[in-house]
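# Observations on the model geometry
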Protein chains: 2
Amino acid sequence: MTATPVCDDGAAAPWGTAEFTERLRAVAEDRYHDRHPFNVRMHQGELTPAELRRWIINRFHYQRHIPVKDALILAKFDDPALRRVWVRRIQDHDGTAVGQGGIERWLRLGEAAGLERPALWDTARVLPGVRLAVEGYVNFCRLRPALDAVAASLTELSAPGLMRTRIAAFERYYPWIEAEGLAYFRTRIGQGSRDSEEALALVQGWARTREQQERAVAALTFKCEVLWALLDAVDRASDSVPTGPADGVSGDAARLVSEHVLGDVSPLVSERTSGDASPLVFESSSGEVSPGVVPPGLSDSVASSRARRPAQRRPRAARDVAGGDAAFGASGAAVQAGTASASISTKVPARHPGAPVQTDTPVVPGPAGGPP
Amino acid sequence: MTATPVCDDGAAAPWGTAEFTERLRAVAEDRYHDRHPFNVRMHQGELTPAELRRWIINRFHYQRHIPVKDALILAKFDDPALRRVWVRRIQDHDGTAVGQGGIERWLRLGEAAGLERPALWDTARVLPGVRLAVEGYVNFCRLRPALDAVAASLTELSAPGLMRTRIAAFERYYPWIEAEGLAYFRTRIGQGSRDSEEALALVQGWARTREQQERAVAALTFKCEVLWALLDAVDRASDSVPTGPADGVSGDAARLVSEHVLGDVSPLVSERTSGDASPLVFESSSGEVSPGVVPPGLSDSVASSRARRPAQRRPRAARDVAGGDAAFGASGAAVQAGTASASISTKVPARHPGAPVQTDTPVVPGPAGGPP
C-alpha cells in the first residue's frame with residue numbers, strides 16, 4: 001500500500017488538478033440519477049402516464065427553486081464579473097420576459113402531458129420526500145461556502161447526456177406528449193454543458209488544499225443524493241397512494257375542512273396565502289405575507305405575468321382551503337390535492353388522439369398515509 | 001384623545017393605504033441621511049479633498065454590497081415575474097458587461113477624485129463603523145422576511161433628490177473632480193425613482209395587517225439608521241486618525257509585520273486571500289477560498305475583467321501582508337492601509353490643474369485607535 005503524500009504540516013497533500021477533476025467526474029457519473037430505477041424505467045418507456053405526470057409535477061418543485069438557490073450562490077460572490085456570469089443562470093430559468101425561460105418551458109412540458117399550470121404551481125401536490133430533498137439542497141446553497149455550493153452544481157457534468165437520452169425516449173415511447181413540450185430538455189443540453197464547464201473551472205481554481213478538494217467532492221456527492229432522493233419519493237408514491245377522483249374529497253367537504261381548520265378566513269387573506277406559494281421562500285414569520293404576489297400597479301409586464309399564475313383560476317373551494325402550508329398536516333395537504341385535481345386538464349392534446357385517458361390519481365398520500 | 005381603532009380580535013386596525021404610505025414617506029424624509037452633518041457639509045462645499053476621498057472609499061464598501069443584498073432579497077421571491085423585476089437591480093450595479101454598471105461608475109468617481117481602483121477595493125481601508133453598518137444591512141436582508149427587506153430599500157424614495165443636490169454641489173464646489181466622475185449620481189436619479197416606486201407598490205400590497213405595516217416602517221427606519229451610522233463613522237474619522245505618509249509604516253516594515261503575523265505564506269495563497277475580498281461574502285470556514293477570484297480559463301470576459309481588479313497591481317509588500325481580514329486586528333488593518341496608500345494616484349487630473357495636493361491621510365485608525 002502506498003502511503004498518502006503529506007504536506008510539511010502533516011495534512012494530506014492536495015490532489016493534482018487532473019486527479020481532482022477525475023474524482024469529481026467519477027462522482028457525477030457513478031452517482032448521477034440517470035441510474036435511478038425510476039429514470040431507467042422512464043427511458044425504457046415503462047412509465048405509465050400517471051407516473052410521468054407525477055414526476056413532471058414533483059420535479060417542477062425542484063425547477064422552480066433553481067433561481068432561488070442560484071441567487072443564494074450569487075450572494076456569496078464578491079466579484080461583479082463572477083456575478084455577471086452567475087446571474088445568467090437565474091435568467092436561464094426565469095427568462096428575461098413573460099413566456100420565456102426554463103420554468104416556462106417546464107410548465108409547457110406539463111401542458112404537453114395534459115397538466116394545467118395550477119397543478120404544477122400547487123405545492124400541496126408535492127410529495128413530502130421531494131419537498132425535503134429540494135429544501136435540503138436550497139439550504140445547502142444558503143448556508144455553505146461558495147466552493148461547496150458551486151461544486152454541488154457539478155451534477156450538470158452529466159446532465160447533457162441525460163437530456164439526450166430523455167428526448168429520444170420521449171419521442172419513441174411517449175408520443176402522446178406533444179413534441180414542443182420537450183423544449184426544456186433540448187435547451188438544457190447547451191446550457192448544462194456551458195454551466196458545468198464554468199463551475200468546474202471555479203472549483204478547480206478555489207479548491208487548493210486537500211480539505212477543500214474533499215469538501216468539493218462531498219458537496220457533489222450530496223447533490224447526487226438530493227436528486228436520487230427526489231426520484232425515490234416519486235417512485236415509491238406509486239405503491240401507496242389512494243386512487244379515485246379527487247381522493248374522495250369533494251369541494252363541499254374541502255370547504256367544511258377549511259372552516260374547521262382556519263375559522264373565518266377572508267377571501268382576501270386566503271387567496272394571498274394560497275397553496276401555490278413555496279414555503280421555502282416564504283419567510284414571513286407571520287405567515288400572512290406572500291412574496292409571490294405582485295400587487296396591481298407594479299408594472300404592466302409583471303401584472304400580465306401574474307395573471308398567468310394559477311391562484312386566480314383555482315376553484316373557490318381550493319382557494320378557501322389553502323391557508324399556507326404551515327397550517328396543514330398531511331390531511332390538509334391531501335384535501336388540497338383533492339380539490340386541486342380539478343385543474344388537471346380533461347382535454348386530450350389535439351395532435352395526439354391516441355393519448356391515454358387521465359387517471360386523476362392524486363400525487364400525495366391520503367390522510368392516513370405517511371411520507372412515501 | 002381618540003382611541004386607536006381595533007379589529008374584532010383586539011389587534012389595532014391596519015392603516016389605510018394613504019396613511020401607511022404617508023408614514024413611510026415621513027420616515028424616508030425625516031430620517032434620511034441628506035440631513036446628516038457630513039452630507040450637509042458636503043453639499044455646502046465644506047469638505048476637504050481628504051474628507052471627500054475618505055467618503056468615496058468608505059461608501060464604496062456599501063456600493064459593492066448592493067448586488068449581494070439584492071440577490072439575498074431575490075432569493076425570497078417565489079414568482080419568476082417578481083424575480084425578473086428584481087434581478088435588474090443586480091444588473092444595474094454589476095452591469096451586463098465589463099466596464100458597465102454602478103460599481104464601475106463609482107470606481108470612476110474615485111478615479112475622478114484621484115483615487116486608483118485598488119484604494120476602493122481594499123477592504124482594509126474601510127472604517128470599522130462602516131463595515132458594521134454594511135454588514136448589518138446585508139444581514140438584515142439575509143435574515144428578515146421579504147416585506148422587511150423590500151421596505152428597507154425605500155430610502156430610495158429620497159435618493160433622487162439627494163442625487164440632484166449632490167451633482168449641483170460637486171459641480172459648484174469641487175470642480176477638481178472630473179465631471180464624468182458624476183455619472184453614478186446622474187444614473188441613480190432615474191433608477192432610484194423607478195426602484196422606489198416598484199418597492200412601494202410591493203410593500204403596500206404585502207403589508208395588510210397593522211403589525212406588518214409597523215414592521216415595514218421599522219425596517220425603513222432601520223435602513224435610515226444604517227446610512228446615518230455609515231456617515232457618522234466617516235465624519236468622526238477626521239477627528240482621530242493619525243496623519244503622515246503611509247501612517248509611518250514603510251513597505252519594509254509591512255513586510256516584517258507580514259512575516260511575524262503570517263509566518264511563511266506562499267505568494268499564491270497570500271494573493272488569493274488578499275485584502276480586497278469582502279469578509280461579508282467570504283463564507284469559507286477555512287478562510288482560504290476567495291470566491292472573488294475567477295480562475296484562468298473560465299471565460300475571456302471574466303478573465304479580462306478580473307485583470308482590472310487590484311490584486312495584480314498591488315505592490316508586493318501589500319500582497320504579502322494581506323492575509324484575509326480575519327487574520328488581522330486593528331494594527332494589521334492599519335498596516336494594510338499604510339501600504340495600500342501607495343495606490344493613491346499622485347497624478348493630478350489633467351483637466352483640473354488646480355486640483356489640491358494629495359494628503360495621503362490614512363482612512364483607518366492607527367494601531368492605538370479604537371473604532372471611530
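Residues numbered from 1 in each chain as written. Chains lettered and ligands numbered in written order. Predicted model: local features only at pLDDT ≥ 70, side-chain atom pairs only at ≥ 80, totals over all residues. Heavy atoms only, no water.

Let's shift gears to the overall build of chain A. Looking only at helices and strands, chain A features 17 helices and zero strands. Among the 372 residues that make up chain A, the fraction classed as buried is 58%. The contacts of chain A with a sequence gap of at least 6 include a subset with a gap of at least 24, amounting to 80%. When the accessible surface of chain A is summed, it comes to about 14200 Å², and 53% of that surface belongs to carbon and sulfur atoms. (Helix = DSSP H or I, 4+ residues; strand = E, 2+ residues; numbered from the N terminus. Buried < 20%, exposed > 50% of the residue type's maximum accessible area, 1.4 Å probe, protein only. Contact = heavy atoms within 4.5 Å. Areas by Shrake-Rupley, 256 points an atom, 1.4 Å probe, with all protein chains shown as cover.)

A separate point is the nonpolar core. If you look at the biggest cluster of nonpolar residues, it comprises 167 residues, and the most contacted ones within it are W55 of chain A together with W55 of chain B. Excluding residues that lie within four positions of it along the chain, W55 of chain B makes contacts with F38, M42, W106, R166, F170, F185, L231 and V234 of chain B. (Core = buried A, V, L, I, M, F, W, Y, C linked by side-chain atoms within 4.5 Å.)

The next thing to look at is the side chain of R105 of chain B. Relative to the assigned elements, R105 of chain B resides in helix α6 (residues 102-112). Look past the residues within four positions of R105 of chain B in its chain and what remains in contact with it is D92, G181, A183, Y184, T187 and Q191 of chain B.

A few words now on the packing of aromatic side chains. In total, this model carries 28 aromatic pairs over all chains according to the counting rule given. For R89 of chain A, the ring lying beneath its charged end belongs to W86 of chain A, and the centroid distance is 3.7 Å. Lying across the ring of F185 of chain B, R166 of chain B places its NZ or CZ 5.5 Å from the centre. (Phe/Tyr/Trp six-rings, centres within 6.5 Å; stacked < 30°, edge-to-face > 60°. Lys NZ or Arg CZ within 6 Å of the ring centre and 35° of its normal.)

Turning our eyes to something else, we now look at helix α10 (residues 159-173) of chain B. An α-helix turns once every 3.6 residues. As a result, residues three or four positions apart point the same way. Residue and element names in this part refer to chain B. With 15 residues, α10 extends 20 Å from end C-alpha to end C-alpha; this agrees with the ideal 21 Å at 1.5 Å per step. Listed as buried for α10 are A159, P160, L162, M163, R166, I167, A169 and F170. Buried residues belonging to α10 abut α2 (37-43), α3 (49-63), α6 and α11 (183-206). (Expected span 1.5 Å × (residues − 1).)

Residues and elements named next belong to chain A. One way to put it is that helix α6 (residues 102-112) packs onto helix α11 (residues 183-206) with a least axis distance of 8 Å and a crossing angle of 145°. Counted together, G102, R105, W106 and L109 of α6 and A183, Y184, F185, T187 and Q191 of α11 form the full contact between these two elements. A per-class count over the contact of α6 with α11 returns five nonpolar, three polar and one charged. (Axes fitted to C-alpha atoms, helices over the stretch in contact; angles between N-to-C directions. Nonpolar A, V, L, I, M, F, W, Y, C, P; charged D, E, K, R; others polar.)

The subject of this paragraph is the pattern of salt bridges. All names here are of chain A. Enumeration according to the criterion identifies 44 salt bridges over all chains in this entry. A salt bridge links E104 to R108, with the shortest nitrogen-to-oxygen separation between them at 2.9 Å. Taken as a pair, E104 and R108 lie in helix α6 at a separation of four residues, close to a single helical turn. The class for E104 is buried, based on a relative accessible area of 7%. Classification of R108 by relative accessible area gives partly exposed; the value is 40%. A salt bridge links R215 to D148, with the shortest nitrogen-to-oxygen separation between them at 2.8 Å. Separated by 67 residues along the polypeptide, R215 in helix α12 (residues 210-240) and D148 in helix α9 (residues 146-152) bring together distant segments of the chain. The same class applies to R215 as to D148, namely buried. (Salt bridge = Lys/Arg side-chain N within 4 Å of Asp/Glu carboxyl O.)

We now examine the environment of V226 of chain A. Within the fold, V226 of chain A resides in helix α12. Each C-alpha atom of the pair V226 of chain A and A152 of chain A lies 10.0 Å from the other, and the pair is 74 residues apart in sequence.

Summarising the element assignment, G99 of chain A is placed in the loop between α5 (80-94) and α6. Excluding residues within four positions of it along the chain, G99 of chain A makes contact with E104 and R108 of chain A.

Another aspect to go through is α3 of chain B. Relative to the 21 Å expected for 15 residues at 1.5 Å per residue, α3 of chain B spans 20 Å between its end C-alpha atoms, a close match to the ideal helical length. The element α3 of chain B is largely enclosed, with a buried count of 14 among its 15 residues.

With that settled, consider the confidence of the model for chain A. Residue and element names in this part refer to chain A. Scored by pLDDT, chain A has a mean of 74; 63% of the residues are at 70 or more. Ignoring residues within four places in sequence, the model shows residues 241-275, a span with pLDDT below 50, making 65 contacts including any to other chains. Below pLDDT 50 for its whole length, residues 282-372 participates in 217 contacts with residues either more than four positions away or in separate chains. (pLDDT = per-residue confidence, 0-100.)

How two helices sit against one another is set out by the angle between their axes and by the gap between those axes. Residue and element names in this part refer to chain B. The N-to-C vectors of α10 and α11 enclose an angle of 170°; their axes lie 8 Å apart at closest approach. One way to sum up the angle between α10 and α11 is to call them roughly antiparallel. Relative to α11, α10 is oriented so that their crossing is left-handed. Contacts between α10 and α11 pair P160, M163, R164, R166, I167, F170 and E171 from the former with F185, R186, R188, I189, G192 and S193 from the latter. (Parallel < 35°, antiparallel > 145°, perpendicular 65-115°, else oblique. Left-handed = near helix turned anticlockwise from the far one by under 90°.)

Right, let's get into the environment of T187 of chain B. Note that T187 of chain B resides in helix α11. The sequence separation of T187 of chain B and R105 of chain B amounts to 82 residues, and the corresponding C-alpha distance is 9.2 Å.

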